[in-house]
Amino acid sequence: MHIHGLIEDNAALANLCARLAQSPFVAVDTEFMRENSYWPELCLIQIADANEAAAIDPMQPGIDLKPLLDLLTENEDVLKVFHAGGQDLEIVYNLTGKTPHPLFDTQVAAMALGQGEQVGYSNLVDSYLGITVDKGARFTDWSRRPLDARQIDYAIADVTHLATIFPKMLEKLRKTGRGLWLDEEMERLADPANYFNDPEQAWRRVRISSRKPEVLGRLKALARWREIEAQGKDLPRGRIVKDETIADLAANPPRKQGDLTRVRGLSATWGGNDIGGRMMTALAEAKPMPADEMPGRDERRPGLGKDGALVADLLKLLLKIRAKEINVASRLLARSDDLEALAAGQREGLSILNGWRFEQFGRDALALVEGRLAFAVKGGKLRMTRTEESE
């Protein structure tokens, strides 16, 4: 594989992208910094196919990333391969409003091949290539220039290894017939809605014990205000106000701005400055949360009584058994919320009752809930047995 030097000019980038556009796949990774900002700061982009690899400097003055971004988001003929690519996809979405497509995530594929729930990149490289990844540069400040040769080599290795691993994974998926299992999951990962930070939904990230509509209404207003402040100032949410302070203000709202001087977690200057005033305006405009927005009493166990909770636990046991039997990560087969919804009586809109998940797990899960399947211990081992009603 030919390894290019760091690409810093538009002509070299355009030529690289034109060649990569003829490849069946490209492996992609990014290096970024976000410790001190709301928006991740893109510092380096690595890309490779089976023949060549390069790192691109997006911080170079005058660099035009359009050929690369078009390759990632507009070219449907080239498969884009990532490993645990959620944050990489978020960066592309922030730049374009689109996500790379079509998409293949090697961490998700590893789940279908029985390599664990969230196999790390280093473990993946070791298991497929027998190579120990050099971790010496992983704490690099990627925003600092110039980057030295060791840093660039470290970064490019991420995609050269990935470009070598991908065909091996693809062959395993073909042999096991599990490639189709991944289509739905990859489409879900590529959905742009996953990467849109909607201020109206920001309250859902904040833990709060109260279920009073007026408290949740204030929480929604404060979280929305904080999200807009953080986006506008390009600061992490917690640098504006921490979650616990937001929750406390929603439950115990100050009567006037001067009271903010006594709120733990806020600077005393908020009692008279502009940002404190904007927060008080958000509180003053807050309305009780309408009934159709109220969260369930326990969103993880919707409508479950004690018996339903026990059924959900039995489904989780069944999931564990079945995942072990077919050597697949249980999280790819079913998620807890689907199991609990099934236990609560829901039958529509559940992924485990459709497609390959139904064939591999959902059919037996439904039989268990409906009393046509039971657990039994035979010869000291836990077995599934059909009940008389199903015969």
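Above this text sits the structure in question.
Please read these numbers as outputs of a predicted model, since none were measured by experiment.

### Points about unusual backbone geometry
Okay, so step 1: In this structure, proline 102 follows histidine 101 across a cis peptide bond, with omega equal to -5 degrees.
Okay, so step 2: Take proline 102: it is sitting in the loop between α3 (86-96) and β6 (103-105).
Okay, so step 3: Even without glycine at this site, alanine 84 takes up a positive phi of about 45 degrees.
Okay, so step 4: Tracing the sequence through the fold places alanine 84 in the loop between β5 (79-82) and α3.
Okay, so step 5: Phi angles above zero are rare outside glycine, and asparagine 327 is one such case at about 60 degrees.
Okay, so step 6: Inspection of the secondary structure assignment puts asparagine 327 in the loop between α12 (306-326) and α13 (330-333).

### Describing the side chain of aspartate 364
Okay, so step 1: Turning to its location among the elements, aspartate 364 is positioned in helix α15 (residues 355-369).
Okay, so step 2: You can call aspartate 364 buried: its relative accessible area is 11%.
Okay, so step 3: A distance of 2.8 Å separates a polar atom in the side chain of aspartate 364 from a polar atom in the side chain of arginine 386.
Okay, so step 4: With sequence-adjacent residues up to four places away left out, aspartate 364 is seen in contact with Leu318, Arg322, Leu373 and Arg386.

### Points about the pairing of strand β7 (residues 373-378)
Okay, so step 1: As defined by bridge partners, β7 adjoins strand β8 (residues 381-386) across 6 bridges and the pair is classed as antiparallel. The residue of β8 that forms the bridge with alanine 376 is arginine 383.
Okay, so step 2: In this antiparallel pair of consecutive strands, β7 and β8, the connection spans 2 residues, and glycine 379 shows a positive phi of 60 degrees.

### Some thoughts on the packing of aromatic side chains
Each aromatic ring pair is described using two quantities: the centre-to-centre distance and the angle formed by the ring planes.
Okay, so step 1: For the structure shown, the criterion picks out 6 aromatic pairs.
Okay, so step 2: Taken together, a centroid distance of 4.7 Å and an interplanar angle of 75 degrees make the contact between tyrosine 38 and tryptophan 39 edge-to-face.
Okay, so step 3: Given the relative accessible area of 5%, tyrosine 38 is considered buried.
Okay, so step 4: Measuring from ring centre to ring centre gives 6.0 Å for tryptophan 225 and tryptophan 270, while their planes differ by 85 degrees; the resulting arrangement is edge-to-face. In this pair, tryptophan 225 sits in helix α8 (residues 213-233) while tryptophan 270 sits in the loop between α10 (243-251) and α11 (274-285), placing the two residues 45 residues apart along the sequence. Like tryptophan 225, the residue tryptophan 270 is buried in the burial classification.

Definitions and cut-offs
- Residues numbered from 1 in each chain as written.
- Predicted model: local features only at pLDDT ≥ 70, side-chain atom pairs only at ≥ 80, totals over all residues.
- Heavy atoms only, no water.
- Helix = DSSP H or I, 4+ residues; strand = E, 2+ residues; numbered from the N terminus.
- Buried < 20%, exposed > 50% of the residue type's maximum accessible area, 1.4 Å probe, protein only.
- Polar contact = N/O pair within 3.5 Å; in protein donor to acceptor, adjacent residues only side chain to side chain.
- Contact = heavy atoms within 4.5 Å.
- Pairing = 2+ DSSP bridges.
- Phe/Tyr/Trp six-rings, centres within 6.5 Å; stacked < 30°, edge-to-face > 60°.

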